[in-house]
Amino acid sequence: MTSRLRREKVLKKLYVESTRRKVEVYSTAPQYARVTVTLSGGREVAATHFTASADPVIGALAEYIGGCGAGRIYAAIEPNGDVTPCVFMPSVVVGNVRYTEFREIWERSPVFRALRNRKALEGSCGRCGFRYICGGCRARALAYTGSITGPDPGCVMNRDVWERIVLHQRVERWATVTPLEAQRVA
């Protein structure tokens with residue numbers, strides 16, 4: 001997993017370079033919205049896939065479509081017809097278009113409903129003031145916390161989650177070290 005601090009540094013550099021060079025950056029990283037709002041002093045927000053200027057209507061729209069779009073503004077359809085919230089969640093099958101109309105899956109899936117409810121976000125993502133324009137990556141939350149509404153450990157705002165994961169990985173690694181390997185390290 002990429003360091004959350006490295007990701008933050010890259011997102012900040014992207015924003016600074018985009019303003020310096022007058023280039024619009026489109027990003028699927030939900031945290032990019034928080035970075036643009038913060039660095040622009042609230043004059044801009046990069047909702048997922050586009051940047052909005054200080055226009056209040058566009059800003060309100062960014063809160064709706066901003067952040068992770070999994071199950072909220074897009075879904076993935078696998079070659080066999082399985083529908084998932086996003087290509088990074090292939091194991092979360094919410095229906096199959098070979099048997100059920102996509103519209104019915106889109107409107108009735110409990111998973112999609114959970115993803116659309118930003119108030120249901122857990123941990124730091126649920127308490128974050130940027131949850132409506134960011135909300136964290138739901139695939140990363142699922143992969144590392146086991147919950148699609150869990151906190152995104154890839155965000156700098158979720159330091160505690162990141163540290164628990166890193167600690168768990170270290171403990172897991174040491175649990176598999178043979179006595180001979182332990183002697184070489186010591």
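Let me sum up the structure you'll find in this document. (Residues numbered from 1 in each chain as written. Predicted model: local features only at pLDDT ≥ 70, side-chain atom pairs only at ≥ 80, totals over all residues. Heavy atoms only, no water.)

Our focus in this paragraph is the overall build of the protein. Each helix and strand in the protein was counted, giving nine helices and three strands. Counted from the first residue to the last, the protein has its helices and strands arranged as α-α-α-β-β-β-α-α-α-α-α-α. A burial count over the protein gives 41% of its 186 residues as buried. Pairs at least 24 apart in sequence give 45% of the contacts found in the protein among residues at least 6 apart. Of the roughly 10,900 Å² of accessible surface on the protein, 56% is carried by carbon and sulfur atoms. (Helix = DSSP H or I, 4+ residues; strand = E, 2+ residues; numbered from the N terminus. Buried < 20%, exposed > 50% of the residue type's maximum accessible area, 1.4 Å probe, protein only. Contact = heavy atoms within 4.5 Å. Areas by Shrake-Rupley, 256 points an atom, 1.4 Å probe, with all protein chains shown as cover.)

Of all hydrophobic cores here, the largest spans twelve residues; its members are Cys68, Ala70, Val83, Cys86, Met89, Val92, Ile105, Phe112, Leu115, Cys137, Ala139 and Ile148. In this structure, Val92 is in contact with Val83, Thr84, Pro85, Val111 and Leu142, ignoring residues within four places of it in sequence. Ranked by size, the runner-up nonpolar core spans six residues in total, among them Leu11, Tyr15, Val35 and Ala46. (Core = buried A, V, L, I, M, F, W, Y, C linked by side-chain atoms within 4.5 Å.)

So, about the side chain of Arg131. Assignment of secondary structure puts Arg131 in the loop between α6 (123-127) and α7 (138-145). There is a polar contact of 3.2 Å between the side chain of Arg131 and the side chain of Tyr132. Once residues within four sequence positions are removed from consideration, Arg131 is found in contact with Arg118, Lys119, Leu121, Cys125 and Gly126. (Polar contact = N/O pair within 3.5 Å; in protein donor to acceptor, adjacent residues only side chain to side chain.)

All right, on to the pattern of salt bridges then. In this structure the tally under the stated criterion is seven salt bridges. One salt bridge connects Glu17 with Lys13, and the closest N-O pair in it is separated by 3.8 Å. Here Glu17 and its partner Lys13 are both found in helix α1 (residues 4-21), four residues apart, which amounts to about one turn of the helix. Judged by relative accessible area, which is 19%, Glu17 ranks as buried. One connected set of salt bridges, linked through shared partners, spans Lys13, Glu17, Arg20 and Arg21. (Salt bridge = Lys/Arg side-chain N within 4 Å of Asp/Glu carboxyl O.)

For the rest of this paragraph, the subject is helix α2 (residues 31-39). Most of α2 is tucked away, with seven of its nine residues classed as buried. Within α2 the residues assigned to the buried category are Gln31, Tyr32, Ala33, Arg34, Val35, Thr36 and Val37. Contacts from the buried residues of α2 go to α1 and α7. Positioned one or two residues after α2, Gly41 has a phi angle of 70°, which is positive.

Now for a nonpolar patch on the surface. A contiguous nonpolar surface patch, about 230 Å² in accessible area, is contributed by Ile77, Val97 and Phe102. Tracing the chain through its elements places Phe102 in helix α4 (residues 102-108). Residue classification places Phe102 among the partly exposed residues on the basis of a relative accessible area of 32%. (Patch = residues over 30% accessible without salt bridge, like charges linked within 9 Å, V, L, I, M, F, W, Y side chains within 5 Å.)

Bringing the packing of aromatic side chains into the picture now. A ring pair, where both rings are aromatic, is described by two values, the distance of the centres and the angle of the planes. For the structure shown, the criterion picks out two aromatic pairs. In this structure an aromatic cluster arises from ring pairing among Phe102, Trp106 and Phe112. Seen from the ring of Trp106, Arg116 lies directly overhead, with NZ or CZ sitting 4.3 Å from the centre. (Phe/Tyr/Trp six-rings, centres within 6.5 Å; stacked < 30°, edge-to-face > 60°. Lys NZ or Arg CZ within 6 Å of the ring centre and 35° of its normal.)

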